[in-house]
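Below are the chains, spelled out letter by letter.
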Amino acid sequence: MSEEKLNIAGNGIPLAERIRPKSLDEYVGQEHLVGKGAILRNMIDTGNISSFILWGPPGVGKTTLAYIISKQLNRPFFSLSAVSSGVKEVREVIAKAKDKNFFSRQTPILFIDEIHRFSKSQQDALLGAVEDGTIILIGATTENPSFEVISPLLSRCQVYVLKELTAENLDTLLTRALEKDEYLKTLNIKVKEKEALFRYSGGDARKLLNILEIITSTYEASSAVSSLTRESAKSDKKSGKSSSDHVHALVIDNELVTNRLQENMAMYDKNGEQHYDIISAFIKSMRGSDPNAAVYWIARMLKGGEDPLFIARRMVILAAEDIGLANPNALLLAQSTFAAVQQIGLPEGRIPLTECAIYLATSQKSNSVITAIDGATAYVEQTGDLSVPLHLRNAPTKLMKELGYSDGYKYAHEYAGNFADLEFLPEEMSGTKIYDPGENKKEDEIRQRIRRLWPKYKY
């Protein structure tokens, strides 16, 4: 590879970023939103922009559209990723936006990528700034905002749905990449067939451009550009020949695309959006009791180079959150699986991972544990720091005993059945039922025992 090519290809900027559109005229797809006369186009043309959320699959131009809008309206622009930002970062950006508002009449835009990953408290932190016009919010999400965005915030934002890119859209992007990208223009590329390129892309522009990068990077490293070819290129200026006369063309066809993707599973981006999509599919498959799907998603992750301990950790969480007391052995097996994978690593570690995934998927399900702790947390937030009943307090000093600490406490093991009828909640919460057993064999037994011991809870 020539020094010039090295400088272009080795700058570390992905192809998708190098050819990112900078105006609506360059933007590909979503004509129903940004085509002539469409709602977003009119909003941008008039400058009367309000907060909105872009909902659509990965790689269809949500982030790009947000950047284009900020540029065309010449607004101050702030960007946060819900994956790496918390309430602190949100408040810092809002403070900066207020400063910008003080010096400018143009309301700043705050773009939040993957807004569906923001917690309720993070979304609450945004609400005031959206309401009082400190910021114009543009959110991007791959999940239904009706389920993932809090109602007060959603009611203040219009939702625009983006569609998968068509084959025609992808063809436009492919042509643009080959004709406009400074690095790809230096290669001798001929596209013979496009069907596999578009099929593997699945309507996702980022995938299409990633595939193109994978193919061209292996081409440059192959014998197609030998050291002899590079040496002969040095004489091009003297002979008047084009250096491409010496370089075999890279012919892209369906077979080449399929083979390259089988060799390089980098299409599974461990740090990107697909990473979260696939682990989400894996968890939901086990929660939904489908062992076949669970094993498939494990294979996808492992083939893509995912950390097996990340998979094991998520199974420990699922065992407690989604199976819980319906089958307490699930948590024990998940913990053992984590230890086993940590000890033996891959490739053998895939066996206990798969065994555990199948076990979890086929187990009885119950979310009573997380419902209980969430309910208890809600009570704490509502009632504040209620006093601990005196009979439950320790009395290590004489003064504490005189004040009645520990008075009336009953030591359960001194009573029949190792049970003593005593109030263990603050007085204001007496009789409050927090744990509600799930509908399964194990928790049916728990329910019957609680009914017998604690009739006041009305199970």
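The following refers to the structure shown. All figures in this text were calculated on a predicted structure; none of them were measured in a lab.

## Overview of the sheet that holds strand S3 (residues 109-113)
Link 1 in the chain: Overall, parallel pairing links the 5 strands, which are arranged S2-S3-S4-S1-S5 in an open sheet. Two strands in the sheet have a free side with no partner beyond their single neighbour: strand S2 (77-81) and strand S5 (158-161). On average, adjacent strands in this sheet sit at an angle of 20 degrees to one another, irrespective of strand direction.
Link 2 in the chain: Here 5 bridges tie S3 to strand S4 (residues 136-141), and the two strands are oriented parallel to one another. Residue pairing in the sheet places Leu110 in a bridge with Leu137 of S4.
Link 3 in the chain: Across the face of the sheet, helix H5 (residues 62-73) comes into contact with strand S1 (52-55), S2, S3 and S4 while running at roughly 170 degrees to S3.

## Considering the packing of aromatic side chains
Link 1 in the chain: Taken as a whole, this structure holds 8 aromatic pairs when the rule is applied.
Link 2 in the chain: Seen from their ring centres, Tyr67 and Phe77 are 4.9 Å apart, and the 45 degrees between their planes marks the pair as tilted. Here Tyr67 is found in helix H5, whereas its partner Phe77 is found in strand S2, with 10 residues between them in sequence.
Link 3 in the chain: Since its relative accessible area comes to 33%, Tyr67 is described here as partly exposed.
Link 4 in the chain: For Phe77, a relative accessible area of 23% translates into the label partly exposed.
Link 5 in the chain: Between Phe77 and Phe111 the ring centres are 6.5 Å apart and the planes differ by 20 degrees, which places this aromatic pair in the stacked class. Taken together, the positions of Phe77 in strand S2 and Phe111 in strand S3 put the pair 34 residues apart, joining distant regions of the chain.

## What about the pairing of S1?
Link 1 in the chain: Looking at chain direction, S1 and S4 are connected through 4 bridges and run parallel. Bridge assignment links Ile53 to a residue of S4, and that residue is Gly139.
Link 2 in the chain: Both S1 and S5 contribute to a ladder of 4 bridges, which runs parallel. Each residue of the ladder has a partner; that of Ile53, found in S5, is Val159.

Conventions adopted
Residues numbered from 1 in each chain as written. Predicted model: local features only at pLDDT ≥ 70, side-chain atom pairs only at ≥ 80, totals over all residues. Heavy atoms only, no water. Pairing = 2+ DSSP bridges. Helix = DSSP H or I, 4+ residues; strand = E, 2+ residues; numbered from the N terminus. Axes fitted to C-alpha atoms, helices over the stretch in contact; angles between N-to-C directions. Contact = heavy atoms within 4.5 Å. Phe/Tyr/Trp six-rings, centres within 6.5 Å; stacked < 30°, edge-to-face > 60°. Buried < 20%, exposed > 50% of the residue type's maximum accessible area, 1.4 Å probe, protein only.

All quantities given are derived from atomic positions and should not be read as evidence of function.
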